Amino acid sequence: MPEGDTVWQTAKRLHAALAGKVLTRSDLRVPKYATADLTGRTVLDVTPRGKHLLTRIEGGLTLHSHLRMDGTWRVYANGQRWSGGGPAHQIRVILGTADRTAVGYRLPVLELIRTTEEHRAVGHLGPDLLGPDWNPELALANLLADPARPLGEALLDQRNLAGIGNIYKSELCFLLGATPWLPIGALPADRAAKLPAIAKHLLEANRDRPIRNTTSTLTNNSPTPNRTAGPSTPAHPTPGTRATAPGTPAHAAPRTPTTARGTTPLHPAVHPHTPDLFVYGRAPRPCLRCNTRIRSANQGDGSRDRPTYWCPTCQIGPAPAG
């Protein structure tokens, strides 16, 4: 599932290729819009809204698209071979100008609507983590409106806040020290209060990066997650440290994990080979904090593939058995 930063990057590429230019080619390969012809119209802008893309076109039209699980937009110079997007039968839309061609592959959502009716497509979304409407107070209120809901599911619900997918869901839960199955109402209030700022910082820090990274993002001039789950329990998982449960005697605290040489604690600032992500995609490799094996499972009702990763030691709360 694309994250908000991926969609933001896609919009940036499309805007650079199309905005301010007249369409010389228009091919919408969706039965409902097969006869629609946008040639001769100028593209005004391409705007991301959560995980949605709004391509605004002269004449009060908006081409609304959504990538869902595996959709993608590619931009090619005229005369360049179309490669990397997929086979031709997966093309859903072609928008060409005098010097660039944008091609949308496997887009499960593609509709041509009036710009004045964009609310039909995106009006249900919560505050956009990368948008001008970002409102951390409203985002937090939305998240806490259903306190019994699992934290991971609440984060993925775009009506609460827009832009989080499976990767940031898992990484945020790790940074908060809570499993994705913990009821969000059970998340300590001080951690919950910092959730919107941490989420926004993660996406903003990665929106211009070619490779997504979270292990160094929250160690460099970032909003500081709560470092106290109990009197002395760090909630912010700095690589190379390990939290203990509230009330654990000091003598029972596990030792700081070390590198293979057994001498230097793991830390992204000094170890360039530290993985880019704390937990996502890392099962069954060891946690960067405590060396416990990362676990994975699907979250949700099974209707969608929702791979979820967590550390059973560093994160409090319920989790699937096994």
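The structure displayed is predicted, hence computed values, not measured ones.

**Re the overall build of the chain**
- Secondary structure summary: the chain contains 6 helices and 10 strands in total.
- Counting across all 322 residues of the chain, residues that qualify as buried make up 49%.
- Residue pairs in contact within the chain that sit at least 24 positions apart in sequence constitute 60% of those at least 6 positions apart.
- Total accessible area computed for the chain in this model is approximately 14600 Å², and 52% of it derives from carbon and sulfur atoms.

**Observations regarding helix 6 (residues 189-206)**
- Taking 1.5 Å of rise per residue, 18 residues should cover 26 Å, and helix 6 covers 27 Å from first to last C-alpha, within 8% of that figure.
- At Leu195, helix 6 shows its maximal kink, close to 40°; a proline, Pro196, follows between one and four residues later.
- Every buried residue of helix 6 is listed here: Arg191, Ala192, Leu195, Pro196, Ile198, Ala199, Lys200, His201, Leu202, Leu203 and Asn206.
- Those residues of helix 6 that are buried lie in contact with helix 1 (4-18), helix 3 (136-144), helix 4 (151-156) and helix 5 (166-176).

**Details of the sheet that holds strand 7 (residues 100-105)**
- With respect to topology, 4 strands assemble into an open sheet ordered 1-6-7-5, the strand pairing being antiparallel. Across the chains shown, the open sheet's two edge strands, defined by having one partner strand only, are strand 1 (25-28) and strand 5 (72-77). On average, adjacent strands in this sheet sit at an angle of 15° to one another, irrespective of strand direction.
- Bridge analysis of strand 5 against strand 7 gives 6 bridges, and the strand direction is antiparallel.

**Here we look at the packing of aromatic side chains**
- Per the stated rule, a full pass over the model turns up 4 aromatic pairs.
- Taken together, a centroid distance of 4.9 Å and an interplanar angle of 65° make the contact between Tyr280 and Tyr309 edge-to-face. Linking Tyr280 in the loop between helix 6 and strand 9 (295-298) with Tyr309 in strand 10 (residues 307-310), this pair joins segments that are 29 residues apart in sequence.
- Judged by relative accessible area, which is 14%, Tyr309 ranks as buried.

**What about the environment of Arg209?**
- Residue position: Arg209 is located in the loop between helix 6 and strand 9.
- Sequence separation of Arg209 and Asp5 is 204 residues, and the distance between their C-alpha atoms is 9.1 Å.
- Of the polar contacts made by the side chain of Arg209, one reaches the side chain of Asn206; its length is 3.1 Å.
- Only 3.0 Å separates the side chain of Arg209 from the backbone oxygen of Asn213, close enough to count as a polar contact.

**Focus on helix 5**
- Counted residue by residue, helix 5 has 11 buried out of 11 residues, so it is predominantly covered.
- Of all the positions in helix 5, only Asn166, Ile167, Tyr168, Lys169, Ser170, Glu171, Leu172, Cys173, Phe174, Leu175 and Leu176 are classed as buried.
- Where helix 5 is buried, its residues meet helix 1, helix 4, helix 6 and strand 10.
- Downstream of helix 5 by one or two residues, Gly177 has phi in the positive range, about 70°.

**Here we look at the confidence of the model for the chain**
- Averaged over the chain, the pLDDT score is 86; the fraction of residues at 70 or greater is 81%.
- Confidence over residues 226-270 falls short of pLDDT 50; this stretch has 81 contacts with residues more than four positions distant or in other chains.

**Digging into the side chain of Asn160**
- Position of Asn160 relative to the elements: it lies in the loop between helix 4 and helix 5.
- Contact partners of Asn160, with chain neighbours within four places excluded, come to Gly126, Pro127, Ala139, Asn142, Leu143, Arg149 and Ala154.

**Quick look at the packing of helix 3 against helix 6**
- Axis separation between helix 3 and helix 6 bottoms out at 9 Å; the angle between their running directions is 125°. Put simply, helix 3 runs oblique to helix 6. Handedness of the helix 3/helix 6 crossing: right-handed. Listed contacts from helix 6 to Pro136, Leu140 and Leu143 of helix 3 are Ala192, Ala193, Leu195 and Pro196.
- By residue class, the composition of the contact of helix 3 with helix 6 is 7 nonpolar, no polar and no charged.

Cut-offs used in this document
Per chain, residue numbering runs from 1 following the sequence as it is written. Given that the model is predicted, a residue must reach a pLDDT of at least 70 before its local features are reported, and side-chain atom pairs must reach 80 or more before they are shown or counted; all residues, however, enter totals for whole chains, interfaces and linings. By convention in this description, side-chain values take in all heavy atoms of the structure and omit both hydrogens and water. Helix numbering and strand numbering both begin at the N terminus, where a helix is a DSSP run of H or I of at least 4 residues and a strand a DSSP run of E of at least 2. Only protein chains enter the accessibility calculation, which uses a 1.4 Å probe. A residue is then buried if its area is under 20% of the maximum for its type, exposed if over 50%, and partly exposed in between. Residues count as neighbours in contact if any of their non-hydrogen atoms are within 4.5 Å of one another. Only the protein chains shown count as cover for residues, and the accessible areas themselves come from Shrake-Rupley with a 1.4 Å probe. In a helix, the anticipated span is given by 1.5 Å times the number of residues less one. Fitting axes to the seven residues that end at a residue and to the seven that start at it, the angle between those axes gives the bend at that residue. At least two bridges found by DSSP between two strands is the condition for calling them paired. Structural elements are reduced to axes, namely lines fitted to C-alpha atoms, with helices fitted over the stretch in contact, and the angle between N-to-C directions of any two is expressed from 0 to 180 degrees. Paired rings are identified among Phe, Tyr and Trp, the last through its six-membered ring, by centres lying within 6.5 Å, and are further divided according to the angle between planes into stacked (under 30 degrees), edge-to-face (over 60) and tilted (the rest). Under the rule applied, a polar contact is a pair of N or O atoms within 3.5 Å (in protein, one hydrogen donor and one hydrogen acceptor; residues adjacent in sequence only if both atoms are side-chain atoms). Per-residue confidence from the predictor is reported as pLDDT, a score between 0 and 100. These descriptions rest on fixed angle ranges, namely under 35 degrees for roughly parallel, over 145 for roughly antiparallel, 65 to 115 for roughly perpendicular, and the rest for oblique. Should the near helix be turned anticlockwise from the far one by less than a right angle, the crossing is termed left-handed; should it be turned clockwise, right-handed. In this classification, Asp, Glu, Lys and Arg are treated as charged, Ala, Val, Leu, Ile, Met, Phe, Trp, Tyr, Cys and Pro as nonpolar, and every other residue, Gly included, as polar.

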